[in-house]
Each structure stands twice: as structure tokens, then as C-alpha cells.
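# Architecture and fold: a report
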Amino acid sequence: MARLRDAARQGEFPWVDVCSGVADEQVLFLAAFLHDLGKAIDEREHESIGREIARQVGERLGLAEDRVNLLERLVNEHMVLLSTARLRDIYAPDTLLNCAKSVGSEAFLKMLLLHSFADARSVSELTFTEVEERLVLDLYFGVLRTLQEREDVSSVHVLARDR
């Protein structure tokens, strides 16, 4: 995670924009630290078990409820971008729309991208190939565009309704 933040500080694309969109860096770093603790209990269910652990840790640290919820969500959904990039057609409109609905916001998407890259890179340089990096980034940009388009459509509906 620190390497990605350093890349942003050096002006590397896309990390400047991604890092500037992180609302709560402390929660992001805490999620990166906690996200795989559930594997010690059950490898297949590690996201949901990790979510429970994250809630307990967040509450014990005295985090505000919204920060605990964000921590839980980051831990629970940390595989969304990686698994979608590996298993789906990331250029298909339905894939992008479903991923955008799951992610919900640009801010969360940016945190999830940083979390995904940090997680994948920390396992091994050999397991997260340049091809996978490219797929995850392409997915990120497709989902980002979809979220922005949905926001534009929502704005048009609000303007039309308010007339």
C-alpha cells in the first residue's frame, strides 16, 4: 500500500487520481492489514469471517460506526475486482454495470483498487502478472466510467424532476 501511495506522490498514472480519492487512508491501511485473517479459520469463507473480525477490531479501536462499516466492507469485498477481472468479460456492459452496482461509488472503487493491488502484489510478483494488472486496471476504468455515467443520468433525472 505504501508503494502505491509513493507512486502517487511521484505523479504516476493512475495512482495520483486514485490516491487523491481516498477518503480514509487509516481505514484502508487497517483493512489491508486485517483482510485475510479469516483464512486462519476457514479459507473458503475468509471474506465473511474477516468482515466479522474487522468489525470487532474497529469497535475495539473506538472507530466511528461509519468507519467500522467501511472497514467491514473493504475486508468483505476485497476480492471483487480481482475475481471479476480473472473470471468475467471485463469489457461486457453487464459486467461493468453489475460491478458498478456492487461497488456503489467512485470513492469506494478507488479504495478497493488500492486494496486489490496491494493485496495481489504482496502475495508474489509471479502470481500477479502484468496481464492481470492490466485487466484489473481496465476493469477499474470501465467501472469508473459506468459510475460516472450513472451519476450523469441521475443528475439529469433530478434536474428534469425539479422543473
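Attention in this report is confined to the structure presented alongside it. Model, not experiment: these values are computed from the prediction.

This part covers the overall build of the protein chain. When you go through the protein chain residue by residue, the secondary structure sums to nine helices and zero strands. The helix and strand sequence of the protein chain, counted from the amino end, reads α-α-α-α-α-α-α-α-α. Sorting the 163 residues of the protein chain into buried and exposed places 41% on the buried side. For the protein chain, the share of sequence-separated contacts (at least 6 apart) that also reach a separation of at least 24 residues comes to 71%. Here the protein chain has roughly 9,400 Å² of accessible surface; of this, 52% comes from carbon and sulfur atoms.

Another aspect to go through is unusual backbone geometry. A cis amide bond, omega 0 degrees, links phenylalanine 13 with the succeeding residue proline 14. One can find proline 14 in the loop between helix H1 (2–9) and helix H2 (15–20).

Moving on, we get to the nonpolar core. Of all hydrophobic cores here, the largest spans 44 residues; its most connected members are Trp15, Leu71 and Leu113. At the level of elements, H1, H2, helix H3 (25–34), helix H5 (65–76), helix H6 (80–87), helix H7 (93–103), helix H8 (106–123) and helix H9 (130–162) are the ones that each hand at least two residues to this core. Examining the composition of this core, we find that nine residues originate from one element, H8, more than from any other. With sequence-adjacent residues up to four places away left out, leucine 113 is seen in contact with Trp15, Val18, Leu81, Val136, Leu137 and Tyr140.

Now for H5. For H5, which comprises 12 residues, the first-to-last C-alpha distance of 16 Å matches the rise-based estimate of 16 Å (1.5 Å per residue) to within 8%. Looking only at H5, the buried set comprises Val68, Leu71, Glu72, Leu74 and Val75. The buried residues of H5 occupy one face: seen down the axis, they fall within an arc of 165 degrees. For H5, the elements touching its buried residues are H3, helix H4 (46–60) and H8.

The next point concerns the packing of aromatic side chains. Going through the model one piece at a time under the given rule, you end up with four aromatic pairs. For the pair phenylalanine 117 and phenylalanine 128, a centre-to-centre distance of 5.2 Å together with 90 degrees between the ring planes defines the contact as edge-to-face. With phenylalanine 117 in helix H8 and phenylalanine 128 in the loop between H8 and H9, this pair connects stretches of sequence that are 11 residues apart. Residue classification places phenylalanine 117 among the buried residues on the basis of a relative accessible area of 1%. Ring geometry for tyrosine 140 versus phenylalanine 141: centroids 5.0 Å apart, planes at 70 degrees, classification edge-to-face. Ring pairing ties together the aromatic residues Phe13, Tyr140 and Phe141, which thus form one cluster. The ring of phenylalanine 108 has arginine 73 lying over it, and the distance from NZ or CZ to the ring centre is 3.7 Å.

What follows deals with the packing of H6 against H8. In a packed pair of helices, the relevant descriptors are the angle between the two axes and the axis-to-axis distance. Taken N-terminus to C-terminus, the directions of H6 and H8 make an angle of 75 degrees; their axes are 8 Å apart at the nearest point. The angle between H6 and H8 places the two elements in the roughly perpendicular class. Contacts from Val80, Leu81 and Leu82 in H6 reach Leu109, Leu112, Leu113, Ser116, Asp119 and Ala120 in H8. Residue composition of the contact of H6 with H8, grouped by class: seven nonpolar, one polar and one charged.

Within the secondary structure layout, histidine 115 lies in helix H8. Residue classification places histidine 115 among the buried residues on the basis of a relative accessible area of 1%. Once you skip the residues sitting within four places of it in the chain, histidine 115 turns out to touch Met1, Leu28, Ala31, Ala32, His35, Leu74 and His78.

Criteria and cut-off values
Residues numbered from 1 in each chain as written. Predicted model: local features only at pLDDT ≥ 70, side-chain atom pairs only at ≥ 80, totals over all residues. Heavy atoms only, no water. Helix = DSSP H or I, 4+ residues; strand = E, 2+ residues; numbered from the N terminus. Buried < 20%, exposed > 50% of the residue type's maximum accessible area, 1.4 Å probe, protein only. Contact = heavy atoms within 4.5 Å. Areas by Shrake-Rupley, 256 points an atom, 1.4 Å probe, with all protein chains shown as cover. Core = buried A, V, L, I, M, F, W, Y, C linked by side-chain atoms within 4.5 Å. Expected span 1.5 Å × (residues − 1). Arc of directions from axis to C-beta. Phe/Tyr/Trp six-rings, centres within 6.5 Å; stacked < 30°, edge-to-face > 60°. Lys NZ or Arg CZ within 6 Å of the ring centre and 35° of its normal. Axes fitted to C-alpha atoms, helices over the stretch in contact; angles between N-to-C directions. Parallel < 35°, antiparallel > 145°, perpendicular 65-115°, else oblique. Nonpolar A, V, L, I, M, F, W, Y, C, P; charged D, E, K, R; others polar.

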